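# Residue-level structural notes
So you can see what is in the structure, the chains are spelled out below.
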Amino acid sequence: MRKGIHPAYGPVVFRDRAAGYAFLTRSTMTSERTIEWEDGATYPVVDVEISNVSHPFYTGTARVLDTAGRVERFERRYGKKG
């Protein structure tokens, strides 16, 4: 790799404010805010709106769409084929 063209890659804490969940990983993202982690070290913290803990797909709270009703409405509007 060429020197001086890549962003710094280091440990960062991502925090899901909606679910109260945080995890430590490595990333090129950075932040001015910091947080003291469980290991006693201080890391930059990035707040996210949604993560796997609060996303409806992963939590099982996703809404089931009425696809049959949509098909029937489409057929009423544009007619059945055949």
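What comes next is a walk through the structure.

The next thing to look at is a positive patch on the surface. Taken together, the side chains of Arg 70, Arg 73, Arg 76 and Arg 77 define a basic patch exposed on the protein surface. Note that Arg 77 resides in helix 2 (residues 67-78). Classification of Arg 77 by relative accessible area gives exposed; the value is 60%.

With that settled, consider the packing of aromatic side chains. For the structure shown, the criterion picks out three aromatic pairs. Relative to Phe 23, the ring of Phe 14 lies with its centre 5.8 Å away and its plane at 25°, an arrangement referred to as stacked. Look at Phe 14 and you get buried, because its relative accessible area is 12%. The class of Phe 23 is partly exposed, set by a relative accessible area of 30%. Consider the rings of Phe 74 and Tyr 78, whose centres lie 4.9 Å apart with planes at 50°: the pair is tilted. Residue Phe 74 and its partner Tyr 78 are located together in helix 2, separated by four residues, close to a single helical turn. For the residue pair Phe 74 and Tyr 78, the accessibility class agrees, reading exposed in each case. Following the ring pairs from residue to residue traces out a cluster consisting of Phe 14, Tyr 21 and Phe 23.

Cut-offs and rules
- Residues numbered from 1 in each chain as written.
- Predicted model: local features only at pLDDT ≥ 70, side-chain atom pairs only at ≥ 80, totals over all residues.
- Heavy atoms only, no water.
- Patch = residues over 30% accessible without salt bridge, like charges linked within 9 Å, V, L, I, M, F, W, Y side chains within 5 Å.
- Areas by Shrake-Rupley, 256 points an atom, 1.4 Å probe, with all protein chains shown as cover.
- Salt bridge = Lys/Arg side-chain N within 4 Å of Asp/Glu carboxyl O.
- Lys, Arg positive; Asp, Glu negative; His and termini not counted.
- Charge placed at Lys NZ, Arg CZ, Asp CG, Glu CD.
- Helix = DSSP H or I, 4+ residues; strand = E, 2+ residues; numbered from the N terminus.
- Buried < 20%, exposed > 50% of the residue type's maximum accessible area, 1.4 Å probe, protein only.
- Phe/Tyr/Trp six-rings, centres within 6.5 Å; stacked < 30°, edge-to-face > 60°.

Nothing here speaks to function; it is geometry throughout.
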